[in-house]
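# Structural overview for review
The chain contents come next:
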Amino acid sequence: MKIRDRLYAEADERYREFNANLTPGCDSIIGVRMPVLRGMAKEIVKGDWRSFLDEPGPYMQEEKLLRGMVLADAPMDTEERMSYLREHIPLIDNWAVCDSLIIRKKKDRCALWDLALEYIDRPGEFEKRFAVVTMMRLMDEEHIDRIIEEFMRVRHDGYYLKMGVAWGLAECFLKFPEKTLSALKDCDLDDFTFNKTLQKITESYRVDADTKTMIKKMKRK
């Protein structure tokens, strides 16, 4: 059975409607739950994954999600993975396809970081969100200063990019609170992104009550 046929066989109409509400403007949703997609991705990775990744589009939403999972986990060298990733990034047209793409291979970290630095300067909303989410997942002592710097200079009117930056800065605060707080106190982020960053920080269970009170007082009116 072809992949698309399997996806339609696993379709759940109520879940499709639920996802359609979460991803406005995406009209190619079949309605397959993520655990099913992860299971299919594992099967593909164990088989002829190159044929799957080389299959031409156009793609349904779930096929894009599957492609991201497969290219992230398939046994290939870094150069090939980055090549497939470059082909995949133009397909990212909503937050779900962007955020489900998680490359965990340690050997790919340096190349992935360089790619994120390249794409954060691209014009597209989801090209930039890919870069922001990738940098956030590569966050460590070595990269934190550059990550905060890059997040602070992102400029784009896209709602999902602004929310991605707010998410990323909140994660920076949770892991490197002093550096992030210092940057937030002296930044020119737009009011929406700035206030969303504060909101996400205060919503975290990892932030104590006194710190939440202090952060709330920073909100721009």
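Reference entry: report on the structure contained in this document.

Here is what the cut-offs are and how they apply
Starting from 1, residues in each chain are numbered consecutively following that chain's sequence as written. The predicted nature of this model means local features are confined to residues of pLDDT at least 70 and side-chain atom pairs, given and counted, to a pLDDT of 80 or more, with totals for whole chains, interfaces and linings taken over all residues. The side-chain values count all of the structure's non-hydrogen atoms but skip hydrogen atoms and water molecules. Only DSSP runs of H or I reaching four residues or more are called helices, and only runs of E reaching two or more are called strands; each is numbered from the N terminus. One fewer than the residue count of a helix, multiplied by 1.5 Å, yields its expected span. Each residue's exposure class comes from its accessible area (1.4 Å probe, protein chains only) as a fraction of the maximum for that residue type: buried when under 20%, exposed when over 50%, partly exposed otherwise. Should any heavy atoms of two residues lie within 4.5 Å, those residues are counted as being in contact. Note: the arc covers the axis-to-C-beta directions of the helix. Any carboxyl oxygen of Asp or Glu within 4 Å of a side-chain nitrogen of Lys or Arg constitutes a salt bridge here. Only buried residues count toward a nonpolar core, which is a set of Ala, Val, Leu, Ile, Met, Phe, Trp, Tyr and Cys residues joined through side-chain atoms within 4.5 Å. Without a salt bridge and with relative accessible area above 30%, a residue can belong to a patch; like charges are then joined within 9 Å and nonpolar side chains (Val, Leu, Ile, Met, Phe, Trp, Tyr) within 5 Å. Note that accessible areas follow from Shrake-Rupley with a 1.4 Å probe, and for residues the cover is restricted to the protein chains shown. His is not counted, nor are the chain ends, whereas Lys and Arg count as positive and Asp and Glu as negative. Where a charge lies is defined by one atom per residue type, namely NZ (Lys), CZ (Arg), CG (Asp) and CD (Glu).

Attention now goes to helix H9 (residues 125-137). Compared with the 18 Å implied by 1.5 Å per residue over 13 residues, the 18 Å span of H9 between its first and last C-alpha is a close match. The buried fraction of H9 amounts to 11 of the 13 residues, a majority that puts the element mostly inside the structure. Those residues of H9 lying buried are Glu125, Phe126, Lys128, Arg129, Phe130, Ala131, Val132, Val133, Thr134, Met135 and Met136. Buried residues belonging to H9 abut helix H6 (78-88), helix H7 (95-99), helix H8 (109-119), helix H10 (144-153) and helix H11 (159-175).

Turning our eyes to something else, we now look at helix H3 (residues 34-46). With 13 residues, H3 ought to run about 18 Å at 1.5 Å a step, and its terminal C-alpha atoms sit 19 Å apart, in line with that. Considered for burial, the residues of H3 that qualify are Met34, Leu37, Met40, Ala41, Ile44 and Val45. Each buried residue of H3 lies within a common arc of 140° when the element is viewed along its axis, so the set occupies one face. Of the exposed residues in H3, those oriented more than 90 degrees away from the buried face are Pro35, Lys42 and Lys46.

Tallied over the entire structure, the rule returns 21 salt bridges. A salt bridge links Asp12 to Arg33, with the nearest nitrogen and oxygen atoms 3.3 Å apart. Of this pair, Asp12 sits in the loop between helix H1 (3-9) and helix H2 (13-22) while Arg33 is found in the loop between H2 and H3, placing the two residues 21 residues apart along the sequence. Among the residues examined, Asp12 registers a relative accessible area of 24% and is labelled partly exposed. Judged by relative accessible area, which is 41%, Arg33 ranks as partly exposed. With its nearest N and O atoms 3.7 Å apart, the salt bridge here joins Arg122 to Glu127. Looking at Arg122, the relative accessible area reads 26%, which means it is partly exposed.

Bringing the nonpolar core into the picture now. By size, the foremost hydrophobic cluster in this structure holds 70 residues, and its most contacted members are Val70, Leu85, Phe130 and Phe151. If you tally residues by element for this core, the top one is H9, at seven residues. When near neighbours in sequence (up to four residues on either side) are disregarded, Val70 contacts Ala41, Ile44, Val45, Trp49, Phe52 and Leu53.

Bringing a positive patch on the surface into the picture now. On the surface, Arg38, Lys42, Lys46, Arg104 and Arg137 cluster together into a positively charged patch. When residues of the positive patch are assigned to their parent elements, the largest contribution, three residues, is made by H3. For Lys42, the location among the structural elements is in helix H3.

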